[in-house]
Amino acid sequence: MMQRIRFMYKQFLREPLWFKALVIITLLISFIFSSSSFTEQPYYQSISKLAAAIFFLAYGMKFRRNRMMFVLFCIGALLCLYLSWHRFEIAYFGAG
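Here the structure is a predicted model, which is why all the values come from computation and not from measurement.

**Q** Help me understand the overall build of the protein chain in this model?
**A** Assigned secondary structure in the protein chain consists of 4 helices and 0 strands. Of the regular secondary structure in the protein chain, the N- to C-terminal order runs α-α-α-α. Along the first, second and third principal axes, the C-alpha atoms of the protein chain reach 45 × 25 × 25 Å. The proportion of buried residues among the 96 residues of the protein chain is 26%. When contacts within the protein chain are restricted to residue pairs at least 6 apart in sequence, long-range pairs at least 24 apart make up 51% of them. Carbon and sulfur atoms make up 69% of the accessible area of the protein chain, which amounts to about 7500 Å² in all.

Below you can see the structure in the form of structure tokens.
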């Protein structure tokens, strides 16, 4: 297990700067806006899910040679997009 984590970390360090920035920023946005401080604002919840979808899609594209990983990451991205849209509808049209 530790070897896989080390491998993934070394792989991450070899990525281009724009990819590292995209992954780190989307992960931070997802964590921050899904925290308990923003639970009452559905717009922030929607942004959090959208950032998670971008994160999953970015890593899905990196793993596109491994079909199973690619499919799993794409399913995660689609699920996050659906949840993001659902939260946006709640924020825009109100609960109901």
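Still more ground to cover, so stick around.
**Q** Quick question: what am I supposed to make of the confidence of the model for the protein chain here?
**A** On average, the protein chain scores 88 in pLDDT, and the residues at 70 or more come to 98%. Of all the helices and strands in the protein chain, helix 1 (residues 2-13) carries the lowest mean pLDDT, 87, while helix 2 (residues 17-33) carries the highest, 93.

**Q** For this particular structure, what's the right way to read the packing of aromatic side chains?
**A** Any aromatic ring pair is given by two values, namely how distant the centres are and how the planes are angled relative to each other. Tallied over the entire structure, the rule returns 11 aromatic pairs. Arranged with centres 5.7 Å apart and planes meeting at 65°, the rings of F55 and F56 form a pair that is edge-to-face. Note on F56: relative accessible area 26%, which makes it partly exposed. Clustering of aromatic rings is evident, with ring pairs tying together W18, F19, F55, F56, Y59, F63 and F73. Above the ring of F19, the side-chain terminus of K62 is found at 5.2 Å from the ring centroid.

**Q** Please explain helix 3 (residues 42-62) as it appears in this structure.
**A** Because the α-helix completes a turn every 3.6 residues, residues three or four places apart line up on one side. Spanning 21 residues, helix 3 covers 31 Å between terminal C-alpha atoms, matching the ideal 30 Å at 1.5 Å per step. Buried within helix 3 are the following residues: P42, Q45, S46, S48, A51, A52, A53, F55, A58, Y59 and G60. On its buried side, helix 3 packs onto helix 1, helix 2 and helix 4 (67-93).

**Q** Help me understand the pattern of salt bridges, please; the structure alone is not making it clear to me.
**A** Oppositely charged side chains are able to pair whenever their charged atoms sit close together. This model, assessed by the stated rule, comprises 1 salt bridge. We note a salt bridge from K62 to E15, for which the minimum N-O separation is 2.8 Å. With K62 in helix 3 and E15 in the loop between helix 1 and helix 2, the pair connects residues that are 47 residues apart, well separated along the chain. According to the relative accessible area criterion, K62 is partly exposed, its value standing at 42%.

Reading the values: the criteria
- Residues numbered from 1 in each chain as written.
- Predicted model: local features only at pLDDT ≥ 70, side-chain atom pairs only at ≥ 80, totals over all residues.
- Heavy atoms only, no water.
- Helix = DSSP H or I, 4+ residues; strand = E, 2+ residues; numbered from the N terminus.
- Buried < 20%, exposed > 50% of the residue type's maximum accessible area, 1.4 Å probe, protein only.
- Contact = heavy atoms within 4.5 Å.
- Areas by Shrake-Rupley, 256 points an atom, 1.4 Å probe, with all protein chains shown as cover.
- pLDDT = per-residue confidence, 0-100.
- Phe/Tyr/Trp six-rings, centres within 6.5 Å; stacked < 30°, edge-to-face > 60°.
- Lys NZ or Arg CZ within 6 Å of the ring centre and 35° of its normal.
- Expected span 1.5 Å × (residues − 1).
- Salt bridge = Lys/Arg side-chain N within 4 Å of Asp/Glu carboxyl O.

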